[in-house]
Amino acid sequence: MTILAASILAESLDHGLAQASAASEQGADMVEFRLDIFPNDPDAIARLITQSPLPCTITCRPKWEGGKFQGSEDERLKVLAIAAKHNPAHIDIELNAFRRSAAGREIIDSLVSHPEDEKANTPDLIISSHDFDKRPADLLQQLEFMAEQDCCSIIKLVWHAHSLKDNLEAFELLLSPHKPTVALCMGEFGLPSRILAKKFDAFLSFASINDTSATAPGQTSVEEMIRLYRWKKINNRTAVLGVIGYPIGHSLSPHIFNAGFDQTDYNGTYLPLPISPEYEQFKDVIESWISFRPLRFRGASVTIPHKENLIRFVSEKGGRIDPLAKAIGAANTLSIKADGSVRASNTDCMAALDGLCNAIDITRQQLDDASIAVIGAGGVARAVVAGFAQYSSNVTIYNRTLTRAEALADDFNEHPVVENQACRSIKALSLDQLPISTHDIYINCTSVGMYPNTDESPLNPLPDSANENTVFFDTVYNPINTMLLRQAAQRGCVTVSGIEMFIRQAAEQFQIWTGKTPPLDLFRSVMIKHL
Ligand code: NAP
């Protein structure tokens, strides 16, 4: 069973014990006390270990291995020797320190357990290596050396990831362990190795107590590991899904999908999956993740800047591209079967239509003859226009850059989304024309008004014609109540939040991946809670 350990840079006895209690309350199984800046006081060290509410690992990281200990190597070994007397579960020493000095090796060797030992209550030794820059060129030699040391009970290899692909090597090391092993990647690309350590039976994974106490780049909190990423439910058969984009740090998708997996008892975990913008990166990472079968990578939501890359990738792989995604030229959903075959879908389009129709209580057919202003000519506008192009609505696209609006209109006028398309000719106008326009429904598909620019609106002032029958739908969902919607509500118009579209595009993805009925109300409440 993989241990979830909270890493604590202990500043004092009280601080260390308070942090260990917090770790225990959050559900960690163990703490790692880093004694780098802890007072050099044998009594305090003894009490820290013996009064800890959780079993502990002791380490004292020197500056040359990313730590904060300023003293000499002899002083550092003395700290570890004092700690070892009080029976922590493990002592952690760096590979470089262990290799460097025969005298140091002898001291360490005398402090820790050995395979032939009969006596209990001796700490096990973790030999660790950290590279804060890259995967070390001699990674496998390091592993071999650690495995050969009699006194080394646990191998720990940690390096900085430059791509999601680096995580796969960590998983490979865990799949054929020489000894109990920790293999983790640091940095924004390394999070999967921390969460999926449990799937691959790592000896342990690390987390922090809170956002500010992380002791390594990319470490997430115990709370997030357990409640957000479903640590306790993860096992060898857990399916891996996620949201691909760049940057992806603040996506709400992990919150809604993981809550949905919990509610429907689906054995999966959903992670942020950052991939830098180039197509070659996208292709390389996705291909490698799909071919690493023990991972059970089953799908992803795909967002900026990869929506077009997804279509290209699935097309190159000879996979299935849903007709709507093909017509739109962009997809937001990748699904992967157990045999590795891929499919691309676009769930934005129908989510926009259904979110709107449901909120104003009409059927899609009632969109016939409606006069619709689509504001913006980017990716979301494209999906929205494709939706209306299936009905005989009057659509006008307004955009700051008129040529983009014209290109979008021409595209759908020349290549109908459906055969015998009923939609009338789509028009294109400049954004300046919007205040003097008259439409039944206005849909903001620009990013104007999105956090942090919450006092901006693409339509300020509202057209004089807007009245209590006019509908304003803002696809921006952060904030929930945008400036456009606030002004429309003041005028007495009907308003629809972008949340309605967001939860529906996610719901369709959930259905595609899990085959289960998506918990729409749960998605909505999770979104509202986190916005
Ligand atoms: P995009 O492809 O980058 O397009 C952005 C559009 O916004 C373009 O038409 C651009 O006009 C316009 N724009 C940007 N800044 C502007 C400004 N200051 N004044 C006037 N127009 C401006 O982005 P996208 O993928 O379509 O996403 C647009 C928004 O949709 C996002 O910001 C997000 O909030 C929302 N969204 C919602 C959902 C949902 O499920 N509810 C899903 C995805 C996205 P130019 O052509 O002149 O540059």
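Refer to the structure printed above.
Report follows, based on the coordinates. Everything numeric in this text was worked out from a predicted model, so none of it was measured.

## Brief notes about the overall build of the protein
Helices and strands together make up the secondary structure of the protein, namely 19 helices and 20 strands. When its C-alpha atoms are laid out on the principal axes, the protein stretches across 85 × 50 × 40 Å. Taken across its 531 residues, the protein has 57% of its residues classed as buried. The contacts of the protein with a sequence gap of at least 6 include a subset with a gap of at least 24, amounting to 71%. Only carbon and sulfur atoms are counted for the fraction: they give 48% of the accessible area of the protein, which is about 22000 Å².

## Some thoughts on the packing of helix H14 (residues 348–360) against helix H15 (residues 379–388)
Between H14 and H15, the shortest axis-to-axis distance is 8 Å and the interhelical angle comes to 65°. On the basis of the axis angle, H14 is roughly perpendicular to H15. With respect to the hand of their crossing, H14 and H15 are arranged in right-handed fashion. Contacts from Asp 348, Cys 349, Ala 352, Leu 353 and Leu 356 in H14 reach Ala 383, Val 384, Ala 386, Gly 387 and Phe 388 in H15.

## Examining the nonpolar core
Within the largest apolar cluster, 100 residues are counted, with the highest numbers of intra-cluster contacts made by Phe 33, Leu 295 and Phe 297. Ignoring sequence-local partners within four residues, the contact set of Leu 295 consists of Leu 168, Phe 171, Leu 196, Lys 199, Phe 200, Thr 238, Val 240 and Trp 289. Formed by 39 residues, the second largest nonpolar core is a distinct cluster that contains Leu 324, Ala 330, Ala 370 and Val 496.

## Concerning the site of the ligand
The immediate surroundings of the ligand are formed by 23 residues, with Ala 377, Val 380, Asn 399, Thr 401 and Arg 404 found nearest. Within the side chain of Asn 399, an N or O atom sits 2.8 Å from an oxygen atom of the ligand. In isolation the ligand has 930 Å² of accessible area, and contact with the protein removes 78% of it. At the level of elements, H15 and helix H18 (499–514) are the ones that each hand at least two residues to the shell around the ligand.

## Considering the environment of Leu 402
Along the chain, the position of Leu 402 falls in helix H16 (residues 402–414). A relative accessible area of 31% places Leu 402 in the partly exposed class. Excluding residues within four positions of it along the chain, Leu 402 makes contact with Ala 428, Leu 429 and Ser 430.

## Brief notes about the side chain of Gln 26
Tracing the chain through its elements places Gln 26 in helix H1 (residues 13–26). Given the relative accessible area of 15%, Gln 26 is considered buried. Every residue in contact with Gln 26, bar those within four places of it in the chain, is listed here: Ser 208, Ile 209, Val 222, Glu 223, Ile 226 and Arg 227.

Conventions adopted
- Residues numbered from 1 in each chain as written.
- Predicted model: local features only at pLDDT ≥ 70, side-chain atom pairs only at ≥ 80, totals over all residues.
- Heavy atoms only, no water.
- Helix = DSSP H or I, 4+ residues; strand = E, 2+ residues; numbered from the N terminus.
- Buried < 20%, exposed > 50% of the residue type's maximum accessible area, 1.4 Å probe, protein only.
- Contact = heavy atoms within 4.5 Å.
- Areas by Shrake-Rupley, 256 points an atom, 1.4 Å probe, with all protein chains shown as cover.
- Axes fitted to C-alpha atoms, helices over the stretch in contact; angles between N-to-C directions.
- Parallel < 35°, antiparallel > 145°, perpendicular 65-115°, else oblique.
- Left-handed = near helix turned anticlockwise from the far one by under 90°.
- Core = buried A, V, L, I, M, F, W, Y, C linked by side-chain atoms within 4.5 Å.
- Near = heavy atom within 4 Å.
- Polar contact = N/O pair within 3.5 Å; in protein donor to acceptor, adjacent residues only side chain to side chain.

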